[in-house]
Amino acid sequence: MSNRRSRQSSSAPRISDNQMIDLVSKLRQILPEIGQRRRSDKASASKVLQETCNYIRNLNREVDNLSERLSQLLESVDEDSPEAAVIRSLLM
Amino acid sequence: MASADKLINTDVPEKDVFAFHFLQSLSNLRKQNPFDTPDQKNYRVRKIKKAAYVSMARAAGGSSRLWSRALLRRADKDDNKIVRFSRRKWKISSKRRRSNQRAPVVEEAAERLRNLVPGGGGMETSKLMEETAHYIKCLSMQVKVMQCLVDGLSPK
């Protein structure tokens, strides 16, 4: 009975719980850490989503660090060094 | 660096495409703002970071994906501001919260994900998952290429 009421209240197309599990497991496949750590037991949907968030944050942090390293490298390189030649050939 | 990874899903942009865009942006940056001036360090880092994300979105086909479209739009908008693509706060409207009967923890985690994926705020949950998967693949490709560049340029 309460089912009918909840149906009415949601107008936007929603995905079912089964679809959700399916999507989450797809997401899980591309996350190396999660996939390896527990392949056997079923990670809960919220756990997978949480780890997905952490994974994205880590990647963003890596981009931050690498940008900083690149900036240092591009600025500090000695014009006569072989590294400078690499940069020149890359950034024509 | 440019060697094609055969195992990679065809859905994901090739590393070379990203590298091409990124190097071109770096080259433009270098012309506008020569890298040998010691000041403006943070400005430069920000520009490089932005170039990386924009190149990733371009390599992903520009507007063919929701996240890349959102990212490019935002990059256009805050051109001279601090670029932090991942930090947009998205408030859950009470209406939306009420309409979701799924476990609240799941919805909470999904909301957090919405803040991290560009354009995620407006996405249906199923769309969010799909875009997240693609975004993560592209992001790790981006990190790999940037790491290759750093390794290649580092003094041996």
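Residues numbered from 1 in each chain as written. Chains lettered and ligands numbered in written order. Predicted model: local features only at pLDDT ≥ 70, side-chain atom pairs only at ≥ 80, totals over all residues. Heavy atoms only, no water.

**What about the pattern of salt bridges?**
Residue and element names in this part refer to chain B.
Phase 1: Using the criterion set out here, one finds seven salt bridges over all chains in the structure.
Phase 2: A salt bridge links Arg114 to Glu111, with the shortest nitrogen-to-oxygen separation between them at 2.8 Å. Here the residue Arg114 and the residue Glu111 both occupy positions in helix H5 (residues 104–116), the gap between them amounting to three residues, near one helical turn. With respect to burial, Arg114 and Glu111 carry one shared label: buried.
Phase 3: Put simply, Lys127 and Glu130 hold a salt bridge, and the shortest N to O gap is 3.5 Å. With Lys127 and Glu130 both in helix H6 (residues 125–153) and three residues apart, the pair spans about one turn of that helix. (Salt bridge = Lys/Arg side-chain N within 4 Å of Asp/Glu carboxyl O. Helix = DSSP H or I, 4+ residues; strand = E, 2+ residues; numbered from the N terminus. Buried < 20%, exposed > 50% of the residue type's maximum accessible area, 1.4 Å probe, protein only.)

**A few points about helix H2 (residues 41–59) of chain B**
Phase 1: In this model, H2(B) (19 residues) spans 27 Å end to end at C-alpha, consistent with the 27 Å of a helix rising 1.5 Å per residue.
Phase 2: Immediately beyond the C-terminal end of H2(B), within one or two residues, lies Gly61(B), with a positive phi of roughly 100°. (Expected span 1.5 Å × (residues − 1).)

**Quick notes on the packing of H5(B) against H6(B)**
Residue and element names in this part refer to chain B.
Phase 1: Taken N-terminus to C-terminus, the directions of H5 and H6 make an angle of 50°; their axes are 11 Å apart at the nearest point. Here H6 runs oblique to H5, going by the angle between their axes. Relative to H6, H5 is oriented so that their crossing is left-handed. Contacts from Ala110, Leu113, Arg114 and Leu116 in H5 reach Thr125, Leu128, Thr132 and Tyr135 in H6.
Phase 2: Looking at the contact of H5 with H6, its residues break down into five nonpolar, two polar and one charged. (Axes fitted to C-alpha atoms, helices over the stretch in contact; angles between N-to-C directions. Parallel < 35°, antiparallel > 145°, perpendicular 65-115°, else oblique. Left-handed = near helix turned anticlockwise from the far one by under 90°. Contact = heavy atoms within 4.5 Å. Nonpolar A, V, L, I, M, F, W, Y, C, P; charged D, E, K, R; others polar.)

**Observations regarding the layout of surface pockets**
Residue and element names in this part refer to chain B.
Phase 1: Volume-wise, the largest pocket comes out at about 410 Å³.
Phase 2: As for the largest pocket, its lining consists of 15 residues, and the residues nearest its centre are Ser25, Lys50, Ala51, Val54 and Arg58.
Phase 3: Sort the elements by how many residues they give to the lining of the largest pocket and helix H1 (residues 15–32) lands first, with six residues.
Phase 4: Across the lining of the largest pocket, the residue classes break down as five nonpolar, five polar and five charged. (1 Å grid on protein atoms, 1.4 Å probe; cavity = no way out; pocket = protein on both sides within 12 Å on 5 of 7 lines; lining within 4 Å. Points joined across faces, edges and corners; volume = space filled by probe spheres on them.)

**Section: the confidence of the model for chain B**
Detailed reading of the predicted coordinates is not advisable wherever pLDDT falls low.
Residue and element names in this part refer to chain B.
Phase 1: Mean pLDDT over chain B: 77, with 71% of residues reaching 70 or higher.
Phase 2: Model confidence for chain B, summarised as mean pLDDT per element, is weakest for helix H4 (residues 94–99) at 50 and strongest for H2 at 91.
Phase 3: Every residue in residues 1–10 scores below 50 in pLDDT, and together they form seven contacts with partners more than four places removed in sequence or on other chains.
Phase 4: Per-residue pLDDT stays below 50 along residues 86–90; that stretch engages in 14 contacts with residues further than four places along the chain or on separate chains. (pLDDT = per-residue confidence, 0-100.)

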